[in-house]
Amino acid sequence: VQLVESGGGLVQPGGSLRLSCAASGFTFSRYDMYWYRQAPGKERELVAVISSGGSTNYADSVKGRFTISRDNAKNTVALQMNSLKPEDTAVYYCNTILSRMYWGQGTQVTVSS
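Everything in this summary refers to the structure shown in the same document. Every value quoted in this text rests on a predicted model; they were computed, and no experiment measured them.

**Digging into the packing of aromatic side chains**
A ring pair, where both rings are aromatic, is described by two values, the distance of the centres and the angle of the planes. Tallying each qualifying case throughout the model produces five aromatic pairs. Ring centres of Phe 26 and Tyr 31 lie 5.8 Å apart, and the angle between their planes is 75°; on these two criteria the pair is classed as edge-to-face. Under the relative-accessibility criterion, Phe 26 is labelled buried at 12%. Between the aromatic rings of Tyr 34 and Tyr 36, the centroid separation amounts to 6.4 Å while the plane-to-plane angle is 40°, which identifies the pairing as tilted. Judged by its relative accessible area of 15%, Tyr 34 falls in the buried class. In this structure Tyr 36 comes out as buried when scored by relative accessible area, which is 14%. These aromatic residues form a ring-pair network of at least three members: Tyr 34, Tyr 36, Tyr 93 and Trp 103. A cation over a ring is seen here: Arg 44 above Tyr 93, with NZ or CZ 3.8 Å from the ring centre.

**A closer look at the pairing of strand 3 (residues 17–24)**
Every second residue of strand 3 is oriented toward a common face, the buried set being Leu 17, Leu 19, Cys 21 and Ala 23 and the non-buried set Arg 18, Ser 20, Ala 22 and Ser 24. Bridge count for strand 1 (residues 2–6) against strand 3 is five bridges, and the pairing is antiparallel. If you follow Leu 3 over to strand 3, its bridge partner there is Ala 23. Pairing between strand 3 and strand 8 (residues 76–81): six bridges, direction antiparallel. Within strand 8, the residue paired with Ala 22 across the bridge is Thr 76.

**Thoughts on the sheet that holds strand 8**
If you trace the four strands from one edge of the open sheet to the other, you get 1-3-8-7, paired in antiparallel fashion. Of all the strands in the sheet, the pair left with one neighbour each is strand 1 and strand 7 (66–71). With strand direction ignored, the average angle separating the axes of adjacent strands in the sheet is 15°.

Definitions and cut-offs
Residues numbered from 1 in each chain as written. Predicted model: local features only at pLDDT ≥ 70, side-chain atom pairs only at ≥ 80, totals over all residues. Heavy atoms only, no water. Phe/Tyr/Trp six-rings, centres within 6.5 Å; stacked < 30°, edge-to-face > 60°. Buried < 20%, exposed > 50% of the residue type's maximum accessible area, 1.4 Å probe, protein only. Lys NZ or Arg CZ within 6 Å of the ring centre and 35° of its normal. Helix = DSSP H or I, 4+ residues; strand = E, 2+ residues; numbered from the N terminus. Pairing = 2+ DSSP bridges. Axes fitted to C-alpha atoms, helices over the stretch in contact; angles between N-to-C directions.

Everything listed here is a matter of geometry and, on its own, says nothing about what the molecule does.
And the structure:
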């Protein structure tokens with residue numbers, strides 16, 4: 001199983017970023033996919049989840065600003081992040097659960113003027 005995140009960077013408050021996670025080594029379409037984030041000095045927190053059937057759920061802190069989506073043909077899951085705030089600054093991780101949790105290496109998102 002391999003999960004590779006991309007798309008992070010530095011963005012001003014109010015800006016947008018689109019993260020992508022490329023998955024391989026398992027039957028992607030059968031599994032729920034998650035985005036987590038971890039800010040400096042804080043615990044890792046769940047940001048968004050998309051089920052194998054396409055249902056989505058979000059942390060209250062990102063509802064209405066972030067959108068998770070998946071492309072089963074390309075084995076990718078994306079996180080569209082709009083109206084970014086400084087408190088969204090974190091390393092963002094892609095995750096799935098098979099026999100255990102699998103994590104990508106993370107991608108840094110920094111929201112600062």
